[in-house]
Amino acid sequence: PSLPLPTLLVVGADGGGGAPTLPRSPPGHGPWLLLLPLTLGLGAAVNPAYLPPLAAAMTLPASLGALAGRPGAALFVAGTSGEGGAAAALVLDPHDVRPSTAPLVTFAPAPRSTPLAGLDPSLALGFWCGGAGEYEGLASSLDALAAAHPRAVLVTVGDAVVAGPGGRTGLGGGSGGSDGGFELL
């Protein structure tokens, strides 16, 4: 049996600044791959106010980590170690691979540790929700995280405009379906 294609949800800010809004109810049919592009500061590093909620978001059960980096280096953040401002990012550098004994296969070395505060402030968090219950659990967890850190909100949860194939939009109800496309929220 074939597995259903996930719906890719890219949840962005409304253009007026501030945190992106994740629909409270799952749009369309799951599973869902959520990408949350964020800008967590204006300088060369993450604003310290965002470090505790960023570290906490990456411990959520649905977390896939983050696509991040620092000037001149792309990184996959697999998780964090430590808490708050002292948290370290456990990173894999996609450019640092070593050959294996099998042809055409390479393996990344073990994750490195780098200060979470040293990452470039433009990054994208990733989450996987296999069903509606997981999606709703993630939305609830992100809502609680925003309430716990009101001065450094990563994402809000509520009604969101969903843009589906062809630019069709609707409020929070979803329009993408399982056609293999993606939705911009």
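Note on numbering: residues in each chain are counted from 1, in written sequence order. Whole-chain, interface and lining totals are the exception, using all residues; otherwise, since this is a predicted model, local features are given only for residues with pLDDT of at least 70 and side-chain atom pairs are given and counted only at 80 or more. Side-chain metrics in this entry use all non-hydrogen atoms of the structure; hydrogen atoms and water are not considered.

Enquirer: Teacher, can you tell me more about the pattern of salt bridges here?
Expert: Pairing is possible between side chains of opposite charge, provided their charged atoms come close. Here, a salt bridge means any side-chain nitrogen of Lys or Arg that lies within 4 Å of a carboxyl oxygen of Asp or Glu. Counted according to the given criterion, the structure contains one salt bridge. Note that Asp143 and Arg24 form a salt bridge whose closest N and O atoms lie 3.3 Å from each other. With a gap of 119 residues between them, Asp143 in helix α2 (residues 132-148) and Arg24 in the loop between β2 (21-23) and β3 (32-39) connect regions that are remote in the sequence. In this text, helices come from DSSP runs of H or I with a minimum length of four residues, and strands from runs of E with a minimum of two, each type numbered from the N-terminal end.

Enquirer: Looking at this structure, I do not really get the nonpolar core. What am I missing?
Expert: One recurring pattern in soluble globular proteins is that nonpolar side chains are buried together. For this analysis, a nonpolar core means a set of buried residues of the types Ala, Val, Leu, Ile, Met, Phe, Trp, Tyr and Cys, connected via side-chain atoms within 4.5 Å. Accessible area is worked out with a 1.4 Å probe on protein chains only. A residue is then buried under 20% of its type maximum, exposed over 50%, and partly exposed in between. Counting 39 residues, the largest nonpolar core has Leu34, Leu125, Phe127 and Leu142 as the members making the most contacts within it. Broken down by secondary-structure element, the contributors of at least two residues to this core are β3, α1 (51-57), β4 (63-70), β5 (73-81), β6 (88-92), β10 (122-129) and α2. Every residue pair with non-hydrogen atoms within 4.5 Å of one another is taken to be in contact. Here Leu34 is in contact with Leu9, Leu22, Leu125, Gly126, Phe127, Cys129, Tyr135 and Leu138, once residues within four sequence places are set aside.

Enquirer: How should the packing of aromatic side chains be read in this particular structure?
Expert: How two aromatic rings sit relative to each other is set out by the distance from centre to centre and by the angle between their planes. Whether two aromatic rings pair depends on their centres lying within 6.5 Å, for rings of Phe, Tyr and Trp, where Trp uses its six-membered ring; planes under 30 degrees apart make the pair stacked, over 60 edge-to-face, and the rest tilted. Overall, the coordinates contain one aromatic pair when judged by the stated rule. Centre to centre, the rings of Trp32 and Tyr135 are 5.3 Å apart; their planes meet at 55°, and the pair counts as tilted. Of this pair, Trp32 sits in strand β3 while Tyr135 sits in helix α2, and the two are 103 residues apart along the sequence. In terms of burial, Trp32 and Tyr135 fall into one category: buried.

Enquirer: Sorry, what's going on with the environment of Met58 here?
Expert: Structurally, Met58 is set in the loop between α1 and β4. Here the alpha-carbon distance between Met58 and Thr80, two residues 22 residues apart in the chain, equals 6.9 Å. Sequence-distant contacts of Met58, defined by excluding residues within four places in its chain, comprise Ser63, Gly65, Ala66, Val77, Gly79, Thr80 and Leu125.

Enquirer: Hey, could you run me through the side chain of Ser63 in this one?
Expert: For Ser63, the location among the structural elements is in strand β4. Overall, Ser63 belongs to the buried group, its relative accessible area being 19%. Counting of polar contacts relies on pairs of N or O atoms within 3.5 Å, with two restrictions inside protein: one atom must be capable of donating a hydrogen and the other of accepting it, and residues adjacent in sequence are counted only when both atoms are side-chain atoms. Side-chain polar atoms of Ser63 contact the backbone nitrogen of Gly65, separated by 3.1 Å. Excluding anything up to four places from it in sequence, Ser63 contacts Ala57, Met58, Gly126 and Phe127.

Enquirer: Please clarify how the confidence of the model for the protein chain should be interpreted in this entry.
Expert: In low-pLDDT segments, the atomic positions of the prediction should not be examined closely. The score called pLDDT rates the predictor's confidence residue by residue, from a low of 0 to a high of 100. Mean pLDDT over the protein chain stands at 78; residues scoring 70 or higher make up 71%. Between the elements of the protein chain, mean pLDDT differs from a low of 37, seen in strand β13 (residues 169-171), to a high of 94, seen in α2. Counted against residues more than four places away or in other chains, residues 164-185, with its pLDDT under 50, gives 55 contacts.

Enquirer: Honestly, α2 in this entry has me stumped. Any pointers?
Expert: For an α-helix, 3.6 residues make a turn, and residues three or four places apart therefore share a direction. If you check α2, its first and last C-alpha atoms are 24 Å apart, about what 17 residues at 1.5 Å a residue would give, namely 24 Å. Among the residues of α2, Tyr135, Leu138, Ala139, Leu142, Leu145 and Ala146 are the ones counted as buried. All buried residues of α2 lie within an arc of 125° about the axis, which places them on one face of the element. Turned more than 90 degrees away from the buried face of α2 sit Gly133, Ala147 and Ala148, all of them exposed. To estimate the expected span of a helix, subtract one from its residue number and multiply by 1.5 Å. The arc in question is formed by the directions pointing from the helix axis toward the C-beta atoms.

Enquirer: How should I be thinking about the environment of Gly69 in this particular structure?
Expert: Take Gly69: it is sitting in strand β4. On the basis of relative accessibility, which here comes to 4%, the residue Gly69 falls in the buried class. Excluding its chain neighbours within four sequence positions, the residues that come into contact with Gly69 are Ala74, Leu75, Leu119 and Asp120.

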